[in-house]
Amino acid sequence: MNFLEKMKTWQDLINQRLDQALPAASLQPAPLHQAMRHSMNAGGKRLRPILVLAAHELYPSQHDPVPAALALECIHTYSLIHDDLPAMDDSDLRRGRPSCHKAFDEATAILAGDAFQPLAFEILSDSYSTQPKLALDLIKMLSVTAGSQQLVGGQMQDLLSEGKTPEEENLSYIHTNKTSAMIRASLQMGFRLSSAGEDEEKLTRIGEVGLSLGLAFQAVDDLLDVTQTSAQLGKDAHHDGESGKVTWVSLKGEEEARRLASRHTEDARERLLRMGGDSAFLLELMSYMLERKF
Ligand code: GRG
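First, a word on scope: everything that follows refers to the structure included in this document. The shown structure was predicted, so the numbers you read here are calculated from the model rather than taken from an experiment.

## Some words on the packing of helix α2 (residues 30–40) against helix α6 (residues 106–127)
No. 1: The N-to-C vectors of α2 and α6 enclose an angle of 75°; their axes lie 9 Å apart at closest approach. On the basis of their axis angle, the class for α2 and α6 is roughly perpendicular. For the pair formed by α2 and α6, the contact residues are P31, L32, A35, M36 and M40 on the first element and T108, L111, A112, A115, F116 and L119 on the second.

## Overview of the pattern of salt bridges
No. 1: Counted under the stated rule, the structure contains 25 salt bridges.
No. 2: A salt bridge links D84 to R94, with the shortest nitrogen-to-oxygen separation between them at 2.8 Å. One end of the pair, D84, is in the loop between α4 (66–83) and β1 (93–94); the other, R94, is in strand β1, with 10 residues separating them in the sequence. Note on accessibility: D84 and R94 belong to one class, buried.
No. 3: Of the charged contacts, one joins D92 and K102 as a salt bridge, the two residues approaching to 4.0 Å between their closest N and O atoms. On the criterion of sequence distance, the pair formed by D92 in the loop between α4 and β1 and K102 in helix α5 (residues 100–103) is long-range, its members being 10 residues apart.

## A closer look at the nonpolar core
No. 1: In terms of nonpolar packing, the biggest core is built from 67 residues, with F116, M189, F191, I206, L282 and L285 touching the most fellow members.
No. 2: With sequence-adjacent residues up to four places away left out, L282 is seen in contact with L51, A54, L58, L187 and L272.
No. 3: Membership of the second largest hydrophobic core comes to 13 residues, among which are L233, A237, V249 and L260.

## Structural notes on helix α7 (residues 132–146)
No. 1: With 15 residues, α7 should reach 21 Å at 1.5 Å per residue; the first-to-last C-alpha distance of 21 Å fits that figure.
No. 2: Buried within α7 we find L134, A135, L138, M141, L142, T145 and A146. Looking straight down α7, one finds its buried side chains confined to an arc of 130°; they lie on one side. Facing away from the buried side of α7 by over 90 degrees, the exposed positions are P132, K133, L136 and K140.

## Regarding the site of the ligand
No. 1: Residues in close proximity to the ligand total 19 residues, the closest being K45, R48, H76, R95 and Q218.
No. 2: Side-chain polar atom of R48 to an oxygen atom of the ligand: 2.8 Å apart, as the coordinates give it.
No. 3: In this structure, an oxygen atom belonging to the ligand sits 2.8 Å away from a side-chain N or O atom of R95.
No. 4: Residue contributions to the shell around the ligand peak at six residues, all from α4.
No. 5: Residue classes in the shell around the ligand are distributed as five nonpolar, seven polar and seven charged.

## A word on unusual backbone geometry
No. 1: That bond from Q28 to P29 is cis: its omega, -10°, falls within 30 degrees of zero.
No. 2: You can see P29 is positioned in the loop between α1 (3–21) and α2.
No. 3: Phi at R46 takes a positive value of approximately 60°, unusual for a residue other than glycine.
No. 4: Inspection of the secondary structure puts R46 in the loop between α2 and α3 (47–58).
No. 5: Judged by relative accessible area, which is 4%, R46 ranks as buried.
No. 6: Not every positive phi belongs to a glycine, and H238 is a case in point at roughly 55°.

## Some words on the packing of aromatic side chains
No. 1: Counted by the stated rule, this structure contains four aromatic pairs.
No. 2: Here the aromatic rings of W10 and F281 are separated by 4.9 Å at their centres, their planes lie at 65°, and the arrangement is edge-to-face. Here W10, found in helix α1, pairs with F281, found in helix α15 (residues 280–291); they are 271 residues apart in sequence, far enough to count as distant. With respect to class, W10 is no different from F281; both count as buried.
No. 3: Site record: aromatic cluster; members linked through ring pairs are F3, W10, F281 and Y288.

The rules behind these values
Residues numbered from 1 in each chain as written. Predicted model: local features only at pLDDT ≥ 70, side-chain atom pairs only at ≥ 80, totals over all residues. Heavy atoms only, no water. Axes fitted to C-alpha atoms, helices over the stretch in contact; angles between N-to-C directions. Helix = DSSP H or I, 4+ residues; strand = E, 2+ residues; numbered from the N terminus. Parallel < 35°, antiparallel > 145°, perpendicular 65-115°, else oblique. Contact = heavy atoms within 4.5 Å. Salt bridge = Lys/Arg side-chain N within 4 Å of Asp/Glu carboxyl O. Buried < 20%, exposed > 50% of the residue type's maximum accessible area, 1.4 Å probe, protein only. Core = buried A, V, L, I, M, F, W, Y, C linked by side-chain atoms within 4.5 Å. Expected span 1.5 Å × (residues − 1). Arc of directions from axis to C-beta. Near = heavy atom within 4 Å. Polar contact = N/O pair within 3.5 Å; in protein donor to acceptor, adjacent residues only side chain to side chain. Nonpolar A, V, L, I, M, F, W, Y, C, P; charged D, E, K, R; others polar. Phe/Tyr/Trp six-rings, centres within 6.5 Å; stacked < 30°, edge-to-face > 60°.

What follows is the structure, given as structure tokens:
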């Protein structure tokens, strides 16, 4: 199977398992469950779940990495729903569809995002219940990542920085926490489920791979915001400039942002290669993430 075929196979697998894990749209209260499915089924790239499966593949084991992948996608989708709200980024378009609060209403969108958070932890605790230490480690990794010193903290700092003079240190904090933390957690959770998952040193090192990959991902995201259209991105383009957001592009210009994306990707590749294991797919995924157009 070539790289793109494998991506498609894994995306299909994730989508099918997400469909089984989400409450049915007809279940009471139906508008809430419809809103959750509206945002989840809108065709995200599923990069974080695929990173989980790719990290597990480095040192394959009997553990099923898919539930961890679903849990990450639940947290990611909640963060997108809340990020789009009028009180935050105020975006009308997400994943090629009206954002959740546009398709439903603000209160429903808030609650749909809220509901995805416990669902993530329910999936983890149900799926790994026969291995309590493993389940607890995964729950701890995801809860710390989603908390006030990583995902939510990064988002808060992003909001606090709108319209302010860009500063490199501040931007690094935002990107490390708002974006990289979830990418790092994807690789670490996948790796924790691998046969080398209890090797603390390797777990730290895959985390460093994720940090670099996440910084590259964000630099690419900043570039796409200025180079692509809303139709190509499936979300509001040129949004960063309009909302006075600090980005690598506004701080350093397009060329430097491109150099930065390549440098961080190269750093991630080198760190990964030093870790051993079957890294063929993950290396290709890194190039795909660097060259993506949406
Ligand atoms: C509301 C707590 C909270 C956090 C929001 C996700 C986020 C943090 C903000 C979205 C804005 C943004 C540009 C974030 C950084 C990059 C990012 C997460 C982009 C979206 O991820 P993709 O491209 O999206 O993987 P899909 O739709 O493919 O899943």
